[in-house]
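Residue-level structural notes
Listed below, chain by chain, are the residues.
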Amino acid sequence: MTTLRHIFITLTAVVALAAMGQSVYVQSTVTLVDAGGYFPQLSPDGTKLVYAPTDAVNLKILEMDSTGNRTTTIASKGYPGFDARFGPDGKVYYVTQERVRGNLIHRTGHCYDPATGQTTTVLPAQHGAVQAIPAGDGLVMLGERDRKVIGRVNKPFAYARGPRLYVVMPDGRERMTSPAGECPMYLWPSVSPSGRKVVFEAVGKGLYVTDLSGKVLARLGKFLMPCWINDDYLVAMRSSNNPDYRSYNIYLIKADGSSVRAITDGDRAIQPSVSGNKVVYTTNKGKIRVITLNIPAQQ
């Protein structure tokens, strides 16, 4: 189990990024897990981390407070480590799978409450993709057959089916577009914090930023796993088929495409996710690290 003695901190600003005359820089880098940690996600308040081994056979939660760090396995059946995430309510939402008659895969949506240690079923087992998507103050557990709304969904959310992008408004109105045209599929769609922009990867084409109507605002190049920091910035990992590929790193990207800079160096940094101004990622050796960014307030 990781303890406070194992935390590695870099307290100086190691990277400075010019952005509209203001300075964005890395404030600190902390190692939270020394080995065996993949698919990391931080809680909204930054005090908890969920992660899994590389084969996702279980799901763990690391709780950090003044008394030390505690790691608990919260699920161990049905490959629960893929795509687990915290909701705005601080609970952990994750998906398990099982093979059923006819060789079909059924997926079930679950919720784990760190306050009580209890797990409940949110979306019953069904065929097809199931995913947890935060939307404002709420979250949608979305399946191909049905969906469950948790809390107050007061901002749009996005999802993809093949090369089709769907944006769902808080009132339930849904719009389908294909901003990048035909390709094998669209991946990792998400709506910006203000609810005005969408980012996604078109496989083979790269990252796109659009408005809610599907109008293309920017093409950002070959990156994977994009995550919004705020409406002006995203982070993503460099795709291995990028022309200037050297090794995987995490990059801070202006949403208009005007600036792209690495915020990791020396690691093979993969699987970024964002909570506030914190970027959590894992290395090829399974070390989980969290970067705290200093970002000027948006005007």
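Now for a look at the structure at hand. (Residues numbered from 1 in each chain as written. Predicted model: local features only at pLDDT ≥ 70, side-chain atom pairs only at ≥ 80, totals over all residues. Heavy atoms only, no water.)

In space, the 4 strands of this open sheet follow the order β4-β5-β6-β7, with antiparallel pairing throughout. If you trace the sheet from one side to the other, it starts and ends with β4 (38-42) and β7 (68-75), each paired once. Neighbouring strand axes in the sheet, compared pairwise and without regard to direction, differ in orientation by 20° on average. One ladder, built from 7 bridges, connects strand β6 (residues 59-65) with β7; its direction is antiparallel. Within β7, the residue paired with L62 across the bridge is T71. (Pairing = 2+ DSSP bridges. Helix = DSSP H or I, 4+ residues; strand = E, 2+ residues; numbered from the N terminus. Axes fitted to C-alpha atoms, helices over the stretch in contact; angles between N-to-C directions.)

On to the packing of aromatic side chains, then. Applying the stated criterion across every chain yields a total of 5 aromatic pairs. Between F39 and F82, the aromatic rings sit 5.3 Å apart at their centres with planes inclined by 70°, giving edge-to-face as the arrangement. Remark: F82 occurs in the loop between β7 and β8 (85-86) and F39 occurs in strand β4; sequence separation between them is 43 residues. What makes F82 partly exposed here is its relative accessible area of 32%. Judged by centre distance (5.6 Å) and plane angle (5°), the ring pair of F200 and Y208 falls under stacked. (Phe/Tyr/Trp six-rings, centres within 6.5 Å; stacked < 30°, edge-to-face > 60°. Buried < 20%, exposed > 50% of the residue type's maximum accessible area, 1.4 Å probe, protein only.)

Looking now at the pairing of strand β16 (residues 174-177). Taken together, the 4 bridges between strand β15 (residues 165-168) and β16 define a ladder with antiparallel strand orientation. Counterpart to Y166 in the pairing with β16 is M176. Counted along the chain from β15 to the antiparallel partner β16, the turn is 5 residues long, and its residue G172 has a positive phi close to 95°.

Right, let's talk about the pattern of salt bridges for a bit. Scanning the entire structure with this criterion turns up 6 salt bridges. Put simply, D137 and R152 hold a salt bridge, and the shortest N to O gap is 3.5 Å. Here D137 is found in strand β12 (residues 130-143), whereas its partner R152 is found in strand β13 (residues 147-153), with 15 residues between them in sequence. Residue D137 is classed as partly exposed on the basis of its relative accessible area, which comes to 48%. You can call R152 exposed: its relative accessible area is 55%. With its nearest N and O atoms 3.7 Å apart, the salt bridge here joins R147 to E174. One end of the pair, R147, is in strand β13; the other, E174, is in strand β16, with 27 residues separating them in the sequence. For E174, a relative accessible area of 39% gives the class partly exposed. (Salt bridge = Lys/Arg side-chain N within 4 Å of Asp/Glu carboxyl O.)

Let us now look at the pairing of strand β20 (residues 216-221). Across a regular strand the side chains alternate sides, sitting on one face of the sheet and then on the other. Alignment of strand β19 (residues 206-211) against β20, held across 4 bridges, turns out to be antiparallel. Looking across to β20, one finds that Y208 is bridged to R219.

Take unusual backbone geometry next. In this model, Y79 sits at a positive phi of 55°, which is unusual for a non-glycine residue. Within the fold, Y79 resides in the loop between β7 and β8. For Y79, a relative accessible area of 43% puts it in the partly exposed group. Phi angles above zero are rare outside glycine, and M225 is one such case at about 55°. Locating M225 in the fold gives a position in strand β21 (residues 223-228). Relative accessible area serves as the criterion here: at 21%, M225 is assigned to the partly exposed category.

Taken in spatial order, the 4 strands line up as β17-β18-β19-β20 in an open sheet, and their pairing is antiparallel. The open sheet is flanked by β17 (186-191) and β20, the only strands paired with a single partner. Pairwise comparison of adjacent strand axes, ignoring direction, gives a mean angle of 20° for this sheet. Here strand β18 (residues 197-202) pairs with β19 via 6 bridges, running antiparallel. When the sheet's bridge partners are listed, K197 is paired in β19 with D211.

Let's shift gears to the side chain of T31. By the secondary structure assignment, T31 is in strand β3 (residues 22-33). Here the side chain of T31 touches R289 through a polar contact of 3.1 Å, side chain to side chain. (Polar contact = N/O pair within 3.5 Å; in protein donor to acceptor, adjacent residues only side chain to side chain.)

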